[in-house]
Amino acid sequence: MVTIKSASDIEKMREAGKIAANALQVVGQKIRPGMTTKDIDKIIHREITAHGAKPSFLGYGGFPASACVSVNNEVIHGIPSDHRRVAEGDIVSVDVGAFYKGFHSDTCYTFAVGEISPEAKALLQTTEESLYEAIKVANIGARLGDISHTVEAYCRERGYGIVKQYCGHGIGRNLHEEPEVPNHGKPGHGMRLVQGMTICIEPMINAVGDEIIQLPDGWTVITKSGSLSAHFEHEVLITADGPVILTLP
Ligand code: MG
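Quick notes on the rules
- Residues numbered from 1 in each chain as written.
- Predicted model: local features only at pLDDT ≥ 70, side-chain atom pairs only at ≥ 80, totals over all residues.
- Heavy atoms only, no water.
- Helix = DSSP H or I, 4+ residues; strand = E, 2+ residues; numbered from the N terminus.
- Rg over C-alpha atoms; globule rule 2.2 N^0.38 Å.
- Buried < 20%, exposed > 50% of the residue type's maximum accessible area, 1.4 Å probe, protein only.
- Expected span 1.5 Å × (residues − 1).
- Arc of directions from axis to C-beta.
- Contact = heavy atoms within 4.5 Å.
- Donors = N, O, S within 2.8 Å, 3.2 Å for Na, K, Ca; no water.
- Disulfide = S-S within 2.5 Å.
- Pairing = 2+ DSSP bridges.
- Salt bridge = Lys/Arg side-chain N within 4 Å of Asp/Glu carboxyl O.
- Core = buried A, V, L, I, M, F, W, Y, C linked by side-chain atoms within 4.5 Å.
- Polar contact = N/O pair within 3.5 Å; in protein donor to acceptor, adjacent residues only side chain to side chain.

Chemist: Describe the overall build of the chain, listing the residues and the values that go with them.
Modeler: The secondary structure content of the chain amounts to four helices and 17 strands. Against the globule reference of 18 Å for 249 residues, the chain gives a C-alpha radius of gyration of 17 Å, in line with a compact fold. Counting only C-alpha atoms and orienting by the principal axes, one finds that the chain spans roughly 45 × 45 × 30 Å. Residues counted as buried form 53% of the 249 residues belonging to the chain.

Here is the structure:
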């Protein structure tokens, strides 16, 4: 079921979104070579709980941490570890959610550790730009396929692979609600967007190829090609005045 949010729901969702976005911002300020992916998770956990919220991901489906931390060829759902250190030149996606006053938030950013290669920079830039291009079309009356197609076309034109097995989603009292928001699709197809919908748009883009592999840990997803992968996500409210991002610091 697609849930339509009231003004008071939206106020709470905005607060939940801000808490998650602020936590990501702190990671952005602190991330450096030598830090473990568990250190990053600890920052997220501390920032979210310090604001009276709960990490949405902790325990979700059995996930053992507060953030998904995915390095380089890891696409999504990387499990933070004391043994995994990030190094100069790595790209690190940090996906977080905060549960606050009955509502979830969900946002992701892929950080550069120190100086990264021009190829990595281009991948991050394209993936983030495709998110903002897709947000622009999230207007009342548009269809989900318009969002999906925007991400796909933007990234394909630049030669990148699109992850199809995972996608964006509705969000609210539940972390994952209907509808699904794929990163590939046909314009003019799918559900129409209506006022008060809240959806997460989250391009997951591979430098080479669409294919992915699920690791035996049951969580971590990597690119089949071994190439880098980037992931950016915002939560967007559909309004008469256009799309409003709810996951801003
Ligand atoms: Mg999400």
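Chemist: So what's going on with helix α2 (residues 37–50)? Which residues, and what values?
Modeler: The end-to-end C-alpha separation of α2 is 20 Å, in line with the 20 Å expected for 14 residues at 1.5 Å each. Taken residue by residue, α2 has T37, I40, D41, I43, I44, E47 and I48 as its buried positions. Take α2 and look down its axis: the buried residues cluster within an arc of 155°, on one side only. At its buried positions, α2 is contacted by α1 (7–30), β1 (54–55), β2 (67–71), β4 (91–96) and β5 (98–100).

Chemist: Describe the coordination of the magnesium ion, with residues and values.
Modeler: The protein atoms donating to the magnesium ion are D106 (OD), H169 (NE2), E202 (OE) and E233 (OE), with metal-donor distances spanning 2.2 to 2.3 Å. According to the relative accessible area criterion, D106 is buried, its value standing at 2%. According to the relative accessible area criterion, E233 is buried, its value standing at 1%.

Chemist: Let's hear about the state of the cysteines: which residues, and what values?
Modeler: Enumeration according to the criterion identifies zero disulfides in this entry. C108 takes part in no disulfide bond, and the closest cysteine sulfur, belonging to C68, lies 8.3 Å away.

Chemist: Could you give me a rundown of the pairing of β2, with the residues and numbers involved?
Modeler: Within β2, five of the five residues are buried, which leaves the element mostly enclosed by the surrounding structure. Burial along β2 is two-sided: A67, V69 and V71 facing one way and C68 and S70 facing the other are all buried. As judged from the five bridges shared by β2 and β4, these two strands associate in the antiparallel manner. Looking across to β4, one finds that A67 is bridged to V96.

Chemist: Any details on the pattern of salt bridges? Residues and values, ideally.
Modeler: Opposite charge on two side chains allows them to pair when their charged atoms are near. One pass over the full model with this rule turns up 11 salt bridges. Across the pair R14 and E11 runs a salt bridge whose closest N-O atoms are separated by 3.6 Å. Within this pair, R14 and its partner E11 are both found in helix α1, separated by three residues, close to a single helical turn. The salt bridge partner of K121 is E115, with a shortest N-O separation of 3.0 Å. Here the salt bridges do not stand alone but share partners, grouping E152, R156, K164 and D210 into one network.

Chemist: Lay out the nonpolar core in plain terms, naming residues and giving numbers.
Modeler: The biggest cluster of nonpolar side chains holds 27 residues, and the ones touching the most others in it are I147, L193, I199, I201, I205, V236 and I238. Looking at this core, the elements with two or more residues in it are α3 (118–136), α4 (144–156) and β11 (198–201). Here the element with the most residues in this core is α3; it accounts for six residues. Residues contacting L193, with those up to four places away along its chain left out, are A138, N139, I140, G141, A142, L144, I147 and I238. Core analysis: the second largest hydrophobic core is formed by 25 residues, I31, I43, I44 and I48 among them.

Chemist: So what's going on with the side chain of T220? Residues and values would help.
Modeler: Take T220: it is sitting in the loop between β13 (212–214) and β14 (221–223). The exposure class assigned to T220 is buried, which follows from its relative accessible area of 4%. Polar contacts involving the side chain of T220 include one to the side chain of D217, which spans 2.5 Å. With near-sequence residues (within four places) excluded, T220 lies in contact with E74, I76, H77, G78, I79, I213, Q214 and L215.

Chemist: An account of the environment of G102 is needed here, citing residue identities and associated values.
Modeler: Here G102 lies in the loop between β5 and β6 (103–104). Leaving out residues up to four positions away in the same chain, G102 has contacts with G172 and R173.

Chemist: If you had to explain the pairing of β4 to someone new, which residues and values would you point to?
Modeler: Most of β4 sits out of view: six of its six residues are buried. Neither face of β4 is left uncovered, since the one carrying I91, S93 and D95 and the one carrying V92, V94 and V96 both have all their residues buried. Sheet topology places β4 next to strand β7 (residues 107–112); six bridges connect them, and they run antiparallel. Bridge pairing in β7 places V96 opposite T107.

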